[in-house]
Amino acid sequence: MNRTVVVGSVNRDYTFLLDHLPDRGETILSRRSYSSTGGKGANQAAALSKMGLEVAMIGAVGADEPGERAVEALAAYGVSVDHIIKKNVPTGSAFICVDKNAHNTIVVDPGANGALNCEDIDSAAQVIAEADFCLMQLEINLEVVAHAAEICREHGGKVVLNPAPAQKIPDELLSLTDYLIPNETELALLTGCEVNCHTAVAAARRLTDRGVKAVIVTMGEEGSCYVDGRQDFFIPAAETSAVDTTAAGDSYIGAFLSALSRGYEVRTAMEFASLAASITVSRQGASDSIPLLEEVERLL
């Protein structure tokens, strides 16, 4: 079984279902609300485990009830939680508004995620060294991401980076990245280009020119595209009826790495990932909306 380590955020998500997203200064009532385990790191760890991979999570929570519930939820998904550290600050939280067309807005309070440091990464260095893939996002400090990437590449693993929330990334980190997986908004910020299905390939090439081995751009209902130094191609999105797009990208990434780990070619792995994301957006929630491996395989 392939081993993957996720270095990233663990949150408690608070989701509000609305008829429409509020305008500036507007107060509206939600139709329903609920809480669940979230954070891009935790969502992607759950996705990987649900897709059949051996997964260890490196992250931080507070010494509080939301942190305990998040760790319990990840353990229930089969994720190794031995390297989730308790910090003396509250667990990170996200406040998610979803309208009737499945569009959302998200506000994140980093909490304990912002307290994860390079010393914490050093304490889990052996786990990173033994991993086939090290998957990270940007809801933790950039220097922590870079440090984990260095350890992974030093020991022959592949670094996968989901640059969300979007921010400028130094070339040193880009050059350590085997797969960079942004959405179109994140790619636009990284490159300064306007990004759509017609311009995504040219924008992604700007990043391969800066040292990234391969870029996969996810564009929701427009599909996804792949760019490396030798080839580029588009994969259409799988048809679905969307109700909540939360964790769609996380589900895509987990399914993509699962497929790669089982010997799929990149193009086929992206098609598999598109199917997984189509299931996720048809359900409410974050980690709990991500499908199991067998659910995706039934659609092949």
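Coordinates for the structure precede this section.
Residues numbered from 1 in each chain as written. Predicted model: local features only at pLDDT ≥ 70, side-chain atom pairs only at ≥ 80, totals over all residues. Heavy atoms only, no water.

> When you look at the overall build of the protein chain in this model, what are you seeing that I'm missing?
In terms of regular secondary structure, the protein chain is built from eleven helices and 13 strands. Its C-alpha atoms give the protein chain a radius of gyration of 18 Å, near enough to 19 Å, the size a compact globule of 300 residues would have. A buried classification covers 53% of the 300 residues belonging to the protein chain. The long-range fraction of contacts in the protein chain, counting pairs at least 24 apart against all pairs at least 6 apart in sequence, stands at 67%. (Helix = DSSP H or I, 4+ residues; strand = E, 2+ residues; numbered from the N terminus. Rg over C-alpha atoms; globule rule 2.2 N^0.38 Å. Buried < 20%, exposed > 50% of the residue type's maximum accessible area, 1.4 Å probe, protein only. Contact = heavy atoms within 4.5 Å.)

> I tried to follow the sheet that holds strand β1 (residues 3-7) on my own but got confused; where do I start?
Within a sheet, each strand pairs with its neighbour through backbone hydrogen bonds, oriented either parallel or antiparallel. Read across the open sheet, the nine strands follow the order β5-β4-β1-β8-β9-β10-β11-β12-β13; overall the sheet is mixed. Unpaired on one side and paired on the other, β5 (80-87) and β13 (232-235) mark the two borders of the sheet. Taken strand by strand, helix α1 (residues 40-50) contacts β1, β4 (54-62) and β8 (133-136), and its axis lies near 160 degrees from that of β4. Sheet strands touched by helix α2 (residues 65-76): β4 and β5. Its angle to β5, the strand with the most contacts, is close to 170 degrees. (Pairing = 2+ DSSP bridges. Axes fitted to C-alpha atoms, helices over the stretch in contact; angles between N-to-C directions.)

> Would you explain α1 in this entry?
Residues lying three or four places apart along an α-helix face the same way, a consequence of the helix completing one turn every 3.6 residues. In terms of residue burial, α1 counts as a mostly covered element, since ten of its eleven residues are buried. Buried residues of α1: Gly41, Ala42, Asn43, Gln44, Ala45, Ala46, Ala47, Leu48, Ser49 and Lys50, and no others. Remark: Gly52 follows α1 within two positions and exhibits a positive phi of approximately 95 degrees.

> Would you mind showing me how to read the packing of aromatic side chains here?
Describing an aromatic ring pair means giving the distance of the ring centres and the angle of the ring planes. Scanning all chains against the criterion turns up four aromatic pairs. The interplanar angle of 20 degrees and the centroid separation of 5.4 Å between the aromatic rings of Tyr14 and Phe95 together place this pair among those described as stacked. Here Tyr14, found in strand β2 (residues 11-17), pairs with Phe95, found in strand β6 (residues 92-98); they are 81 residues apart in sequence, far enough to count as distant. Exposure remark for Phe95: the relative accessible area of 38% places this residue in the partly exposed category. Here the guanidinium or amino end of Arg262 rests over the ring plane of Tyr264, the centre of that ring lying 5.0 Å away. Positioned above the aromatic ring of Phe272 is the side chain of Arg262, whose terminal nitrogen or guanidinium carbon lies 5.1 Å from the ring centre. (Phe/Tyr/Trp six-rings, centres within 6.5 Å; stacked < 30°, edge-to-face > 60°. Lys NZ or Arg CZ within 6 Å of the ring centre and 35° of its normal.)

> Sorry if this is basic, but what is going on with the side chain of Ser251 here?
In this fold, Ser251 is placed in helix α9 (residues 248-261). Polar side-chain contacts of Ser251 include one of 3.4 Å to the backbone oxygen of Ala276. Setting aside residues up to four positions removed in sequence, Ser251 forms contacts with Ala47, Ala276, Ala277, Thr280, Ile290 and Pro291. (Polar contact = N/O pair within 3.5 Å; in protein donor to acceptor, adjacent residues only side chain to side chain.)

> Please clarify how the pattern of salt bridges should be interpreted in this entry.
Oppositely charged side chains can pair when the atoms bearing their charge come close. Counted under the stated rule, the structure contains eight salt bridges. One salt bridge connects Asp171 with Arg210, and the closest N-O pair in it is separated by 2.7 Å. Pair noted here: Asp171 is in helix α6 (residues 171-174) and Arg210 is in the loop between α8 (200-208) and β11 (214-218), with a separation of 39 residues, a long-range link. Note that Asp232 and Arg205 form a salt bridge whose closest N and O atoms lie 2.6 Å from each other. Separated by 27 residues along the polypeptide, Asp232 in strand β13 and Arg205 in helix α8 bring together distant segments of the chain. In this structure Asp232 comes out as partly exposed when scored by relative accessible area, which is 35%. (Salt bridge = Lys/Arg side-chain N within 4 Å of Asp/Glu carboxyl O.)

> Looking at this structure, I do not really get the environment of Val127. What am I missing?
Within the secondary structure layout, Val127 lies in helix α4 (residues 125-129). As a C-alpha pair, Val127 and Met57 span 70 residues in sequence and 9.5 Å in three-dimensional space. Val127 has contacts with Val5, Ala56 and His83, leaving out every residue within four places of it along the chain.

> What should I look at first to understand unusual backbone geometry in this one?
Across the chain, the bulk of peptide bonds are trans and the bulk of non-glycine residues have phi less than zero. Geometrically, the link from Ala164 to Pro165 is a cis peptide bond, its omega value of -5 degrees lying close to zero. The backbone phi angle of Ala102 is positive, close to 75 degrees, even though this residue is not glycine. Mapped onto the secondary structure, Ala102 falls in the loop between β6 and β7 (104-109).

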